[in-house]
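A structural walkthrough
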Amino acid sequence: MKQRMFSYVRWSTPRQASGTSLKRQTARAKEFAEKHNLEMVEIFDKGVSAFAGKHLLPTAALGSFIAAVKQGAIESTAWLYTENLDRLHRGKVTDAQELLLTLINLGITVVAGMDGEKVYTREYLNKNPHELFMTVMVFVRANEESETKRKRVLGNVEALYQDYKNGEKVVVKSVGNHPFWIDDTGPSHEGVKKHPVLWNIAREAIEMFLAGTSVWSVCNHLNEKYPNMYPSSKRIWTTPNVRKLRTNEAVIGKRVIYFKDRDEPNNKEKGKTYTFEDYYPKLCTDDEWSILNDISKNNTYITNKKQPNTVNLLSGMKLIRCGRCGSTMNSMRQGDKIRYVCDGAQNVKTVCKVWSVSNVVEYCSIQVLLIAFSEAAVKGRITQDDYEKQLGIIQEKIAAETENISKLTQAITVTGNIDEVIALLQVHKANRDILQLEQAKISSKRAVNSKTGDVTFDTISQFLDETPYEVLKDIEHPSRPKLREVIREFIKGIRVNKADKKIAITFDIGNDTEVIYRAGEEKPEIEEVISSRYEARGIEYVTRVGRIRNIKKKQERYFYEEIEGQKMEGFSAFLLSQSFKSAQELMRLNGYPDIDPMLLWSKK
């Protein structure tokens, strides 16, 4: 069996990748391997800087190679070929020298191809210690070149930033890359422009995200509709690149360039940040950006490499929680079904024992949506005028916070207690961010309401037409992301509890109203309850309306309880008492089976 030689190829910029760097480094390594009868294995660090040390991270090729040697996964007698020693490190001389000695002491034979194919081993360096001084000089030269280049780039960015502050259009090409939907080929004084083709594709993806479509589904859509159009060597739309449309501030026109401090690279305060507002044309509005942020933080899907398109309906939105410990519940795939398990127990965050609930909670969610829709249809949903009033109030609060921020910013220059002022400034900025997110949500609801109008019984029927039983049953159905967003809009919270093998699921649908499903007193009995709180003349009243069904005995009885205070108005009480029955009848007409009460009785 041949001795293995690992050819390490690294480049920092896309320009180097598209040029002769890759071919040159690979060709020389291949010649050396054939000459010395070695089996060549290629490892690449693409677009990774050896100046910043990112190539030594566990996720990088060289970093993972070293880790594999230490763990014994790669033999310590292996060879490591590199075009020049400066491919290994271009940072501080002491760090570069330490890396070389680490490789040598692990038993690795290091080859520098351009340096006369010089071979470095522990035995060779011990016999020729002066060679260590020569390697130091190589690392000194590499570091000085990189440092000079860094200063040149920094100076270029600094000069362009001053031009930008003076109101001029600029294009910064010396550092980083522009997003794929941007055309930067024009004159610098004209600024960047919309890409003639990719801009519209990016906007289409943004609209899909706003509609609740998952990253995986958007990526699939782009590869099917626009194959081989992503501007990279492989030409394929990948989830990491598509996901940037939800997280990259470039979509709202902002470009941020950050330079680490050379002496303290981990100290962000010592680094230099250049923020270019309105650098790019805006791909989405500020309101849409706030919604995208909210979706990214609170709207994760269950995905893995084997089942990338599995979509749960409830977890990842901080919506469903364990009634025992209050932790969120995660989703897990079990065959062709989804179960929800307590995160606190699963990750040993609480004293709660590991337990889970079946997808009956998803089924109940559909029925709860119909109840919420029915109440909205009868009572009338929020009107455009109501939205305008809410937006007016929030805008006043945002203006007040902005004024506070302005005053505190001015106070920094005159006050003696800067730390206290900065702390207050951060509080007001956080408050404004929350208000702006709420403003974006209401604006979005207003836009939807202006198109669809108030919820009516016709729109309820339309919802069921678009949500057949297959959507609930098939956890890979393409309509599940849209259903997930509807649940997120109408259901405020879900608590799942288990006691004495009985499961109870409580849905909060807002307006102090809860819908509860729980196991009855005996099998197979199910109890369904609507609990409504309201206040009149300063007194809180609680009314519970529901039914108890026993499938085995074919019994069904409704009940009405007044916990405190006066009776509800007749029509409202009637509406509540009919809600479960009406919702179930609608579901039956659309092919949904009845809830299996045994799913609310745990086996353990």
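A brief look at the structure comes next. Just so you know, these numbers come straight off a predicted model, no measurement behind them. (Residues numbered from 1 in each chain as written. Predicted model: local features only at pLDDT ≥ 70, side-chain atom pairs only at ≥ 80, totals over all residues. Heavy atoms only, no water.)

A word on the packing of helix α4 (residues 93–105) against helix α6 (residues 130–165). Helix packing geometry: the angle between the two helix axes and the distance between the axes. The geometry of α4 relative to α6 is characterised by a closest axis approach of 9 Å and an angle of 130° between their N-to-C directions. By the angle between their axes, α4 is oblique relative to α6. Classified by chirality, the crossing of α6 by α4 is right-handed. Listed contacts from α6 to V93, A96, Q97, L100 and L101 of α4 are L132, T135, V136, F139 and V140. Tallied by class, residues from the contact of α4 with α6 come to eight nonpolar, two polar and no charged. (Axes fitted to C-alpha atoms, helices over the stretch in contact; angles between N-to-C directions. Helix = DSSP H or I, 4+ residues; strand = E, 2+ residues; numbered from the N terminus. Parallel < 35°, antiparallel > 145°, perpendicular 65-115°, else oblique. Left-handed = near helix turned anticlockwise from the far one by under 90°. Contact = heavy atoms within 4.5 Å. Nonpolar A, V, L, I, M, F, W, Y, C, P; charged D, E, K, R; others polar.)

Next up on the list: the sheet that holds strand β12 (residues 337–342). Here three strands make up an open sheet; going across it, the order is β11-β12-β13 and the pairing antiparallel. Each of the sheet's edge strands pairs with one partner strand only, and the pair in question is β11 (329–334) and β13 (356–357). Bridge count for β12 against β13 is two bridges, and the pairing is antiparallel. Residue V341 lies in a different strand from β13, and its bridge partner there is S356. (Pairing = 2+ DSSP bridges.)

Glancing now at the pattern of salt bridges. According to the stated counting rule, one finds 21 salt bridges in the structure shown. Among the salt bridges present, the one from R4 reaches E75, with a minimum N-O distance of 2.9 Å. With R4 in strand β1 (residues 4–11) and E75 in the loop between α3 (61–71) and β3 (79–82), the pair connects residues that are 71 residues apart, well separated along the chain. Among the residues examined, E75 registers a relative accessible area of 26% and is labelled partly exposed. One continuous salt-bridge network, built from bridges that share partners, spans D86, R87, R90 and E145. (Salt bridge = Lys/Arg side-chain N within 4 Å of Asp/Glu carboxyl O. Buried < 20%, exposed > 50% of the residue type's maximum accessible area, 1.4 Å probe, protein only.)

Counting 52 residues, the largest nonpolar core has V361, I494, V496, I505, F507 and Y517 as its most contacted members. Top contributing element to this core by residue count: helix α12 (residues 360–379), with 11 residues. Apart from residues lying up to four places away in sequence, I494 is in contact with L314, L319, I320, R321, V361, S365, I505, T506 and F507. With 42 residues, the next largest nonpolar core counts W181, V218, C219 and C284 among its residues. (Core = buried A, V, L, I, M, F, W, Y, C linked by side-chain atoms within 4.5 Å.)

Next up on the list: the sheet that holds strand β5 (residues 118–120). Read across the open sheet, the five strands follow the order β2-β1-β3-β4-β5; overall the sheet is mixed. Each having just a single partner strand, β2 (39–46) and β5 make up the two edges of the open sheet. Shown here is a sheet whose adjacent strand axes are inclined to one another by a mean of 25°, direction ignored. Judged from the four bridges that link them, β3 and strand β4 (residues 109–112) form a sheet pairing that is parallel. Looking at the pairing, W79 lines up with T109 of β4.

This brings us to the pairing of strand β15 (residues 502–508). The pairing of strand β14 (residues 493–499) with β15 spans seven bridges and is antiparallel. From the neighbouring strand, R495 faces β15, where its bridge partner is T506. Linking β14 to β15, which pair antiparallel, is a turn of two residues; within it D500 sits at a positive phi near 55°. Between β15 and the antiparallel strand that follows it, strand β16 (residues 513–519), lie four residues; G510 among them carries a positive phi value of about 85°.

On to the side chain of E83, then. Among the secondary structure elements, E83 is positioned in the loop between β3 and α4. You can call E83 buried: its relative accessible area is 6%. If sequence neighbours within four positions are ignored, E83 has contacts with R24, Q25, R28, A112, G113 and M114.

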